[in-house]
Amino acid sequence: MLRSLIVFAFAALFATAAQAHPHVFVDAKEEILFDADGKMSAIRHIWQFDQAFTAFAIQGLDANGDGKLSDEELQPLAKVNVESLKDYHYFTRLKVNGRRAPVEAPSEYWLDFHDSRLTLFYTLPLKTPTAVGETTTLEVFDPEYFVAFNFVKHHAITLTGAPANCTAHYAPPHELDADIMAKLAAIPADQRDLPDELADAASSLAAQITIRCS
């Protein structure tokens with residue numbers, strides 16, 4: 001019974017009825033981990049969900065009825081989170097010199113519940129440690145605009161273990177005009193795929209993080 005509730009709750013992130021696109025709002029922080037050779041080795045995501053989605057997702061999770069959500073009670077939902085995100089490439093695109101750097105399944109993941117909001121932490125190891133290229137970019141977004149990402153000001157990107165000559169720059173996404181926003185808002189929640197013209201517009205909502213090593 002508990003697992004059924006968990007699966008249903010996270011499925012809401014992608015397919016249940018609400019009001020309009022987007023349906024879920026995430027405050028995001030990103031981290032790129034470097035190995036001892038100065039190569040990128042993993043991407044760590046820290047995503048805090050909005051209160052409305054959180055309230056829906058945690059229904060039935062307090063198994064012992066103590067009014068708190070323990071790590072053990074949250075872990076099955078964290079597992080469903082990362083397994084579901086695999087079908088969407090984890091909303092993550094790391095590109096080095098125009099080529100996508102492939103990632104492995106998350107090596108660690110957990111959920112935290114604080115101040116009425118869930119935060120998902122998970123780490124994607126790169127299949128092969130990769131040096132920063134002449135052009136290296138990280139994009140985190142949902143191309144179908146079901147989930148809207150807002151990057152935390154001054155904390156959008158952290159480079160951990162990077163060589164001293166490496167820096168990261170965050171560029172916010174483009175704003176959509178009122179007409180496009182109205183069309184997106186009119187799309188029902190159970191329609192996952194956007195029409196081509198709206199998908200092209202929504203793709204411009206990808207914030208871009210640029211990594212450079214001089």
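No experiment lies behind these values; they were computed from the predicted model shown.

Undergrad: Would you take a moment to explain the overall build of the protein chain for this structure?
TA: Helix and strand content of the protein chain: 5 helices and 11 strands. The burial tally for the protein chain puts 43% of its 214 residues in the buried class. In the protein chain, the proportion of contacts linking residues at least 24 apart, taken out of those at least 6 apart, comes to 75%. A total accessible area of about 11300 Å² is found for the protein chain, and carbon and sulfur atoms account for 52% of it.

Undergrad: How should I be thinking about the pattern of salt bridges in this particular structure?
TA: Side chains that differ in sign of charge can pair as their charged atoms come close. This structure, assessed with the given rule, holds 5 salt bridges. When the shortest N-O distance is used, the salt bridge between Arg44 and Glu31 registers 3.5 Å. Separated by 13 residues along the polypeptide, Arg44 in strand S2 (residues 40-49) and Glu31 in strand S1 (residues 24-34) bring together distant segments of the chain.

Undergrad: Just checking my understanding: could you explain helix H3 (residues 71-85) for this structure?
TA: With 15 residues, H3 should reach 21 Å at 1.5 Å per residue; the first-to-last C-alpha distance of 20 Å fits that figure. Restricting attention to buried positions, one finds in H3 the residues Glu73, Leu74, Leu77, Ala78, Val80, Asn81, Val82 and Leu85.

The rules behind each value
Numbering of residues starts from 1 in every chain and runs along the sequence as written. For this predicted model, a pLDDT threshold of at least 70 governs which residues receive local features, and a threshold of 80 or more governs which side-chain atom pairs are given and counted, while totals over whole chains, interfaces and linings are taken from all residues. Note that the side-chain values use all heavy atoms of the structure and ignore hydrogens as well as water. Going along the chain from the N terminus, every DSSP run of H or I of four or more residues is numbered as a helix, and every run of E of two or more is numbered as a strand. For every residue, the accessible area obtained with a 1.4 Å probe (protein chains only) is divided by the maximum for its type, and the residue is called buried under 20%, exposed over 50%, and partly exposed between those limits. Contacts are residue-level and defined by heavy atoms, with any inter-residue pair within 4.5 Å sufficient. With residues, only the protein chains shown are counted as cover, and all accessible areas are computed by Shrake-Rupley using a 1.4 Å probe. Throughout this description, the term salt bridge denotes a Lys or Arg side-chain nitrogen within 4 Å of a carboxyl oxygen of Asp or Glu. By definition here, a helix of n residues has an expected span of 1.5 Å times n minus one.

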